[in-house]
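Coordinate analysis (summary)
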Amino acid sequence: MKERLEELRDEALAKVKAAEDVKSLQEVRVAYLGKKGPITEVLRGMGKLSAEERPVIGQMANDVRDAIKVEVDAKEVLLEQAAIEQQLAEESIDVTLPGRPVSSGSRHPLTIVVEEVEDAFLGLGFSVAEGPEVEVDYYNFEALNLPKDHPARDMQDSFYFTDELLLRTHTSPVQARTMEKHEGKGPVKVICPGKVFRRDDDDATHSHQFMQIEGLYVDEHVRMSDLKGVLEQFAKAFFGEDREIRLRPSFFPFTEPSVEVDVSCGMCAGKGCRICKQSGWIEVLGAGMVHPRVLEMSGFDSTKYSGFAFGMGAERLAMLKYDIDDIRHFYTNDVRFLAQFKRA
Ligand code: FA5
C-alpha cells in the first residue's frame, strides 16, 4: 500500500511537471485528486488494514494528496500567467497602423440655412418664436384677414383634418399667436422658422412640404423704409455684401401695402442670365406692412402701432445660395448630396 501511494505520487508529480496548459493540468487534478481517483480508492480500502497500519497509511495518503495538490496549484498559477502573457502578445495593438476613418454626419442644408437666417436676424435684435404645425383655421386664415370663403384662400391649397383643423400653409399664423401673447403692447420683434404644407404638385421648385421663415416687427412708427432696411441688411449678411434688393408691388390679404422682394442675381451680378431668366433679379420672399385689421384682431391699436412682416422659403434661399437645381434633393436624403454641406 505504501509503495502504491509513493508510485501514485511520483506518477502524478511527473504529469504535473509535463502539463503544458491549464486544460491538461485540470485533467491531472481530476484524475488523481477527484472522488473517483486512486488516492480516494486507497482511503476507501483502509477498512481492510490492520489497526496499526491504518493510521500510518491514512497519514501517508493524506500527505501524498496534499503534496500533489500543492504542486497542481502552483503549476496552475504559472500556466495561467503564461496563458495571459501569450494572449497579450498575440493581441498586441500596433499603434503605428493607420486607423479606419470614422465617417461623421453633417447638418442638413436646411438646418444650416435656417441657423444662418436666425443669426442674421438675432444680430438685428429679433428673437425666435415657434408655433404648431397642426393649426386651427382661425390662426392660419381668419386672424390674418382671410375670412371663410375669401378667394385668396385658394392661393394656399390646404391639407385639412376637419373643417377647423389643418396643416399650416405658412408660418404667418405664428405672427397672430405672438401678437396675441403681447396683449396689445409693443415692440414685437420675432422671426418664426418652421415646416409648412400645401397641396402643391411637387416639381423642381415646389414641394408639398417646405420650410418658411416668417419675420414680424410691430412697434410705434414702424415704416416701409424699416422693412426695406432690414431686408437689405439680411440679403447682404446672407448672400454677400455685393447683393441688392428691390421691392415689387404684390398682394397678401394680411399686409397692406404688400410686396414681393427680389435679390440681385449672384450668377450674373444683375446683368441677366439663364438663372434669373435674363431679368437680373430673383424673387425670394413676400412681405408688407401688417394690415390694420390684423393688428386689431390680435389686440393692437392700429392708430398707435404699425408693423412689417415677411415670409421666405428656406429651400429657395438654400437653392440660390448653394446653386441647387432641384428642391427635391432636400427631401430624398441622398448622403452624397447631404455630405457636401458644412457650415462655413
Ligand atoms: C406666404 O406664404 C406669405 N405668408 C408670406 C408673407 C408673410 C407675406 C408675411 C407677407 C407677410 P407665399 O405663398 O408667396 O407667401 O410663400 C412665401 C415663400 O414660400 C415663397 O416666396 C417661396 O419662397 C416659398 N414657397 C411657396 N410655395 C412653395 C412650395 N410649394 N415649395 C417651396 N417653397 C415654396
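On a predicted model such as this, the values are computed, not experimentally measured, just so you know.

Parameters and conventions
- Residues numbered from 1 in each chain as written.
- Predicted model: local features only at pLDDT ≥ 70, side-chain atom pairs only at ≥ 80, totals over all residues.
- Heavy atoms only, no water.
- Domains from an automatic or database assignment.
- Near = heavy atom within 4 Å.
- Polar contact = N/O pair within 3.5 Å; in protein donor to acceptor, adjacent residues only side chain to side chain.
- Areas by Shrake-Rupley, 256 points an atom, 1.4 Å probe, with all protein chains shown as cover.
- Helix = DSSP H or I, 4+ residues; strand = E, 2+ residues; numbered from the N terminus.
- Nonpolar A, V, L, I, M, F, W, Y, C, P; charged D, E, K, R; others polar.
- UniProt positions renumbered as here; feature names shortened; annotations may be inferred.
- Core = buried A, V, L, I, M, F, W, Y, C linked by side-chain atoms within 4.5 Å.
- Buried < 20%, exposed > 50% of the residue type's maximum accessible area, 1.4 Å probe, protein only.
- Contact = heavy atoms within 4.5 Å.
- Expected span 1.5 Å × (residues − 1).
- Arc of directions from axis to C-beta.
- Axes fitted to C-alpha atoms, helices over the stretch in contact; angles between N-to-C directions.
- Parallel < 35°, antiparallel > 145°, perpendicular 65-115°, else oblique.
- Left-handed = near helix turned anticlockwise from the far one by under 90°.
- Pairing = 2+ DSSP bridges.
- Phe/Tyr/Trp six-rings, centres within 6.5 Å; stacked < 30°, edge-to-face > 60°.
- Lys NZ or Arg CZ within 6 Å of the ring centre and 35° of its normal.

Partitioning the protein chain into domains gives domain 1 (2–90) and domain 2 (109–341). Relative to domain 2, the C-alpha centre of domain 1 lies at a distance of 88 Å.

As a further point, take the site of the ligand. Taken together, 25 residues lie near the ligand, and H170, S172, R198, D200 and Q212 sit nearest. In this structure, a nitrogen atom belonging to the ligand sits 3.0 Å away from a side-chain N or O atom of H170. Within the side chain of R198, one N or O atom sits 2.8 Å away from an oxygen atom of the ligand. For the ligand, whose accessible area on its own is 680 Å², the fraction buried by protein is 93%. At the level of elements, α7 (172–181), β5 (209–220), β8 (281–290) and β9 (305–313) are the ones that each hand at least two residues to the shell around the ligand. Of the residues assigned to the shell around the ligand, the class counts are 9 nonpolar, 12 polar and 4 charged.

As a further point, take the UniProt feature "domain: Aminoacyl-transfer RNA synthetases class-II family profile" (unreviewed entry) in the protein chain. UniProt records the feature "domain: Aminoacyl-transfer RNA synthetases class-II family profile" (unreviewed entry) for residues 113–340 in the present numbering. In residues 113–340, helix accounts for 28% and strand for 29%; the two terminal C-alpha atoms are 14 Å from one another.

Within the largest apolar cluster, 41 residues are counted, with the highest numbers of intra-cluster contacts made by V117, F121, F308, F310, M312 and L317. Those elements that place two or more of their residues in this core are α5 (109–122), β5, α8 (224–239), β7 (255–264), β8, β9, α10 (314–322) and α12 (335–338). Apart from the residues within four sequence positions on either side, F310 is in contact with F121, I191, I213, E214, G215, L227, L231, L285, G286 and A287. Y139, F141, C192 and Y305 belong to the second-largest nonpolar core, a separate cluster that totals 24 residues.

Attention shifts here to helix α2 (residues 22–33). Over its 12 residues, α2 runs 16 Å from end to end, which matches the ideal 16 Å to within 8%, given 1.5 Å per residue. Among the residues of α2, L25, V28, R29 and Y32 are the ones counted as buried. Around the axis of α2, the buried residues are gathered within 100 degrees of arc, so they sit on the same side. In this structure, α2 carries K23 and V30 as exposed residues pointing more than 90 degrees from its buried face. Its buried side turned inward, α2 meets α1 (2–18), α3 (38–44) and α4 (53–90).

All right, on to the packing of α2 against α4 then. The geometry of α2 relative to α4 is characterised by a closest axis approach of 10 Å and an angle of 170 degrees between their N-to-C directions. The angle between the axes of α2 and α4 places the two elements in the roughly antiparallel class. When you trace α2 past α4, the crossing you get is left-handed. Where α2 abuts α4, its residues V22, L25, Q26, R29, Y32 and L33 lie against R65, I68, K69, V72, D73, K75, E76, L79 and E80. Of the residues that constitute the contact of α2 with α4, the class distribution is 7 nonpolar, 1 polar and 7 charged.

The strand order across the open sheet formed by 7 strands is β1-β4-β5-β9-β8-β7-β6, and the pairing between neighbours is mixed. Edge strands, defined here as strands with exactly one partner in the open sheet, are β1 (127–128) and β6 (245–252). Bridging between β1 and strand β4 (residues 188–197) involves 2 bridges; their strand directions are parallel. In the sheet register, S127 faces β4, and the bridge partner there is V190. Running at roughly 30 degrees to β9, α8 makes contact with β6, β7, β8 and β9 of the sheet.

In the sheet, β6 pairs with β7 via 7 bridges, with the strands oriented antiparallel. Residue pairing across strands places L247 opposite V261, the latter belonging to β7. Between β6 and the antiparallel strand that follows it, β7, lie 2 residues.

With that settled, the discussion passes to the UniProt feature "binding site: Mg(2+)" (unreviewed entry) in the protein chain. Those places that UniProt annotates as "binding site: Mg(2+)" (unreviewed entry) correspond, in this numbering, to E256. Mapped onto the elements of the fold, E256 is located in strand β7. Since its relative accessible area comes to 47%, E256 is described here as partly exposed. When near neighbours in sequence (up to four residues on either side) are disregarded, E256 contacts M289 and H291.

This paragraph deals with the packing of aromatic side chains. A full pass over the atoms with the stated rule returns 14 aromatic pairs. Plain terms: the ring middles of Y217 and F308 are 5.6 Å apart, the flat faces sit at 80 degrees to each other, and that makes the pair edge-to-face. With Y217 in strand β5 and F308 in strand β9, the pair connects residues that are 91 residues apart, well separated along the chain. Each member of the aromatic cluster is reached from another via a ring pair, and the members are F121, F126, Y217, F234, F238, F239, F308 and F310. Sitting over the ring of Y217, K189 keeps its end group 5.0 Å from the ring centre. Directly above the aromatic system of F238 lies the positively charged group of K321, at a separation of 4.3 Å from the ring centroid.

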